[in-house]
Amino acid sequence: MIDLSVSLGPLRLSHPLINASGTLDLFEVAAGLGDAILADPPVAAYVPKTVTLKPRPGNDPPRIVEVEAGMLNSIGLPNAGVEAFVADELPRLLALPRPLILNVGGFAPGEYALVAARLRRALQLHLGGGPPDGPSPSSDEIRAAVGGDLPAWTARVGLELNVSCPNVHSGCMSIGADPGETRVAVEGARAEWPGLLVVKLTPNVTNVVPVAQAAAEAGASAISLVNTFKGLVLDRVTLRPYLGGVTGGLSGPAIKPLALRFVYEVAAAVDVPLIGMGGVTSVQDVLEFMACGASAVAVGAAGFRDPWLPARLAAELGLALEGRGWSLSDLVGRAHRR
Amino acid sequence: MAAEVGLAARAHVNPAPELQPSPRTPPNSGCRLARVAARQKLGSMFVLRLRAPGWPGGAPGQFALLRHEASARFLPRAFSLHAQDGELVSFLIAPVGPGTEELAEAGVGEGVHVLGPLGHGFDLTEILAGTPRRLVVVGGGVGVAPFRLLLDRLTTHAAATLPEVVVLFGFRDDVQAECLAAFEPAVDRLRARGAAVELETICEDGSLGRAGLVTTLLQEVGLSAGDAILACGAHAMCQAVWDLGLAAGGVRAWFSLEAGMACGVGSCHGCVIRLADGSLAKVCRRGPVFGAGEVFGESRHPCAVPGGDR
Ligand SMILES: Cc1cc2nc3c(=O)[nH]c(=O)nc-3n(C[C@H](O)[C@H](O)[C@H](O)COP(=O)(O)OP(=O)(O)OC[C@H]3O[C@@H](n4cnc5c(N)ncnc54)[C@H](O)[C@@H]3O)c2cc1C
Ligand SMILES: Cc1cc2nc3c(=O)[nH]c(=O)nc-3n(C[C@H](O)[C@H](O)[C@H](O)COP(=O)(O)O)c2cc1C
Ligand code: FES
């Protein structure tokens, strides 16, 4: 069998297929359909939904609507806040037999560092590697750590900065739309987080490359893209905005060609691994994102049809590579090679 | 080109295999590919019967997400369990848009993806434990769907322990009312067990006699303390039913509610409705069956539930 394993910073994934944040809640699926999904999660690494510094109720309903080849959502990052996350979510997340990529949102660039620091302290407590309430590592320590001398827990847990949610009224996406603010957010989080640091970019920009470069220069060890495209759906009858949050984020097959273009352009411009996403439903989509330069691929809204889809796509990726006689490195970045 | 070196380096392929599970098709997937066993048109609705290998069985009021294997739509659609028999599971469906119309055309043998059973249904143990005076079942339009399975479940209870069952269905017109054919055998079976069952139907356009709403029937039947209401239909109907329950006093009620859904399992936070206390709840996980008080409150002040209807 072909070796599908990939590394994202200190995280080792048995294959490239993960979930997109906010689209798979393993514990909710388990509560409804049984615990089997916890014993063998259908992803190589699990990405929980965005957590923010303070609790948030999320946006008013209706929050979702189907459109041609996709859907719009205006969920608005409901979550219990980082304190409740550390107390209630983290222990059961750490019991999963997969690496984790915790996803963090913020409403000002400085919030990312605060949440990252809180999560790091909690992980040091749970998994060892320094006093839980010790001081933040110095920038030299972080540099040394990123250079290879990492605490053991960083092999289990990475961090993804969501600077790209279109469904909140301040911060988040407006940070990710601005290279300067992205730099501040990433530098701040990097100073608190020695492990894998993924920055998740928004496609709602004229040119994503300067933002990607700012993220990489500020210490991002990987970039994920894309988050949803801001859109609008009207109520068919009243002809007023349908969603409670007025606008929403478009995802699904409708955005795949757009998302591929973003991955292709960023792959050519920065030197960190990419996690590609946007409309993945089939193994063909996985091949295309990887050919554009993605080292890993996230399944988002298509997982609503079947929470086990990422595992199936991983199996099909193995078969597709075998069929072509390729290794993963033959595939990744192929679209850029002549 | 300059980017090439970076791209090759970026593949980050591990030299050695990891001690992690190898990718494979998960054996425990809760998503099944079922086959259409039969499709029966009943007026403006139809019953879709699927053969779903390994179907674990669900409770009345629980639902499943269905998507035709050749669907042109992105998301699956939610339908209440209507009847089940081993690995055969049926749904009563009203074609109202592209997703339901695809299913209305599904031929015998064609594949339909089924995710379920999902959510929390009518908890008959809890409801009967309250020793209700009568079970008043109220269905509006395609909201009658879950009550076939409910009647079947009641049939398995000892007749002596069953209260009187009053079934009140409201339809738009006599064409919609043709779905009654899917309920009458279940009512007969329940009666044959010795239970007292009353079934009454009314149409908005008067095509089955007089014109009226299901609440017209409910007023005639007259609610009183000790009655338990089990209802499913448009949000406005549920609200009106609960207003009558509150007016009678001492009535308990459970409502199966709707909301636009994407995942049906609690992953997406898309299907929330606002409860009487102002909090938001996922219809797919906490519901779709809710206690009346949770949704509408215990006092007679109607509370708007945005997004709770379709
Ligand atoms: C728990 C649950 C159980 C259900 N049980 C049953 C059942 O047993 N039988 C049954 O027939 N149905 C049932 N339904 C309803 C069923 O899921 C819907 O009728 C179905 O999803 C419709 O899909 P469609 O593609 O045919 O229509 P769609 O075109 O998807 O329309 C469905 C609804 O979407 C909304 N909508 C979408 N876009 C817009 C827009 N731009 N403007 C305004 N409104 C919009 C509307 O409210 C519309 O009525 C149930 C729903 C839930 C949540
Ligand atoms: C319902 C829904 C909720 C989402 N929630 C989040 C979130 O909390 N954090 C985040 O970073 N991205 C969130 N996303 C964006 C997805 O992670 C992903 O970037 C996007 O949907 C594109 O992928 P897709 O087309 O495969 O869905 C959400 C998407 C959807 C559809
Ligand atoms: S439909 Fe996704 S949370 Fe209910």
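Each value, and the rule that gives it
Residues numbered from 1 in each chain as written. Chains lettered and ligands numbered in written order. Predicted model: local features only at pLDDT ≥ 70, side-chain atom pairs only at ≥ 80, totals over all residues. Heavy atoms only, no water. Domains from an automatic or database assignment. Buried area = accessible area lost by both parts, 1.4 Å probe. Salt bridge = Lys/Arg side-chain N within 4 Å of Asp/Glu carboxyl O. Polar contact = N/O pair within 3.5 Å; in protein donor to acceptor, adjacent residues only side chain to side chain. Nonpolar A, V, L, I, M, F, W, Y, C, P; charged D, E, K, R; others polar. Pairing = 2+ DSSP bridges. Helix = DSSP H or I, 4+ residues; strand = E, 2+ residues; numbered from the N terminus. Axes fitted to C-alpha atoms, helices over the stretch in contact; angles between N-to-C directions. Contact = heavy atoms within 4.5 Å. Phe/Tyr/Trp six-rings, centres within 6.5 Å; stacked < 30°, edge-to-face > 60°. Buried < 20%, exposed > 50% of the residue type's maximum accessible area, 1.4 Å probe, protein only. Lys NZ or Arg CZ within 6 Å of the ring centre and 35° of its normal. Near = heavy atom within 4 Å. Areas by Shrake-Rupley, 256 points an atom, 1.4 Å probe, with all protein chains shown as cover. 1 Å grid on protein atoms, 1.4 Å probe; cavity = no way out; pocket = protein on both sides within 12 Å on 5 of 7 lines; lining within 4 Å. Sits in = over half its atoms within 2 Å of the grid points. Expected span 1.5 Å × (residues − 1). Bend = angle between axes of the 7 residues up to and from the residue. Parallel < 35°, antiparallel > 145°, perpendicular 65-115°, else oblique. Left-handed = near helix turned anticlockwise from the far one by under 90°.

1. With respect to the domain arrangement of chain B
Residues and elements named next belong to chain B. Segmentation of chain B into domains returns domain 1 (7-118) and domain 2 (124-304). Taken over C-alpha atoms, the centre of domain 1 sits 26 Å from the centre of domain 2. Summing the contributions of domain 1 and of domain 2, the shared interface buries around 1,900 Å²; its carbon and sulfur component is 71%. Interface area lost by domain 1 to domain 2 is led by Met45, Pro60 and His82, which between them contribute 27%. Counting across the interface, domain 1 meets domain 2 through 0 salt bridges. Applying the counting criterion to the domain 1 and domain 2 interface returns 5 residue pairs in polar contact (both at pLDDT 80 or more). Broken down by class, the residue content of the side of domain 1 that touches domain 2 amounts to 17 nonpolar, 7 polar and no charged.

2. Examining the sheet that holds strand β11 (residues 228-232) of chain B
All names here are of chain B. Judged by pairing direction, the sheet is mixed, and its 6 strands sit side by side in the order β10-β9-β8-β11-β12-β15 without closing on themselves. Bordering the open sheet on either side are β10 (197-203) and β15 (289-291), each of which pairs with just one other strand. In this sheet, adjacent strand axes meet at a mean angle of 15° when their direction is disregarded. Here 3 bridges tie strand β12 (residues 252-256) to β15, and the two strands are oriented antiparallel to one another. Each bridged residue has a counterpart across the sheet, and for Phe255 the counterpart in β15 is Phe290. Contacts between helix α5 (residues 184-192) and the sheet are confined to β9 (164-171) and β10, with β10 contributing the most and set at about 155° to the helix.

3. Side note on the packing of aromatic side chains
Across all of its chains, the model carries 7 aromatic pairs over all chains by this definition. Look at Phe122 of chain B and Phe147 of chain B: their rings are 5.6 Å apart centre to centre, the planes differ by 40°, and that puts the pair in the tilted class. Of this pair, Phe122 of chain B sits in the loop between β7 (111-118) and α3 (124-129) while Phe147 of chain B sits in helix α4 (residues 146-155), and the two are 25 residues apart along the sequence. Grouping residues by exposure puts Phe122 of chain B and Phe147 of chain B together as buried. Ring geometry for Phe169 of chain B and Phe171 of chain B: centres 6.2 Å apart, planes at 80°, overall edge-to-face. Judged by relative accessible area, which is 0%, Phe169 of chain B ranks as buried. Residue classification places Phe171 of chain B among the buried positions, given a relative accessible area of 1%. An aromatic cluster of three or more residues is present, and its members are Phe122, Phe147, Phe169, Phe171 and Phe183 of chain B. Looking at Arg324 of chain A, its charged tip hangs above the ring of Trp326 of chain A, at a distance of 5.0 Å from the centre.

4. Looking at the site of ligand 2
Residue and element names in this part refer to chain A. Within the structure, ligand 2 sits among 25 residues, and Lys49, Thr50, Lys200, Gly252 and Gly279 are positioned closest to it. In the model, an oxygen atom of ligand 2 is placed 3.3 Å from a nitrogen or oxygen of the Asn103 side chain. Interatomic distance of 2.7 Å between a side-chain N/O atom of Lys200 and an oxygen atom of ligand 2. Protein burial of ligand 2: of its 610 Å² of free accessible surface, 98% is covered by the chains. Cavity membership is defined here by more than half of the atoms lying within 2 Å of grid points; on that basis ligand 2 lies in the largest cavity. The residue inventory of the shell around ligand 2, partitioned by class, reads 9 nonpolar, 14 polar and 2 charged.

5. A few points about helix α3 (residues 82-94) of chain A
Residues and elements named next belong to chain A. Look at α3: only 15 Å from first C-alpha to last across 13 residues, short of the 18 Å you get at 1.5 Å a residue. Considering bend angle alone, the principal kink of α3 is centred on Asp88 and spans about 40°; proline Pro91 follows within four residues of it. Buried within α3 we find Val82, Phe85, Val86, Leu90, Leu93 and Leu94. Where the residues of α3 are buried, they touch α1 (26-33), β6 (100-105), α4 (109-127) and β7 (157-162).

6. Quick look at the packing of helix α6 (residues 214-221) of chain B against helix α7 (residues 235-248) of chain B
Residue and element names in this part refer to chain B. Orientation of α6 relative to α7, taken along the N-to-C sense of each, is 15°, at an axis distance of 10 Å. One way to sum up the angle between α6 and α7 is to call them roughly parallel. Along this stretch, α6 crosses α7, giving a crossing that reads as right-handed. Counted together, Val214, Thr215, Leu218 and Gln219 of α6 and Met237, Ala240, Val241 and Leu244 of α7 form the full contact between these two elements. Tallied by class, residues from the contact of α6 with α7 come to 6 nonpolar, 2 polar and no charged.

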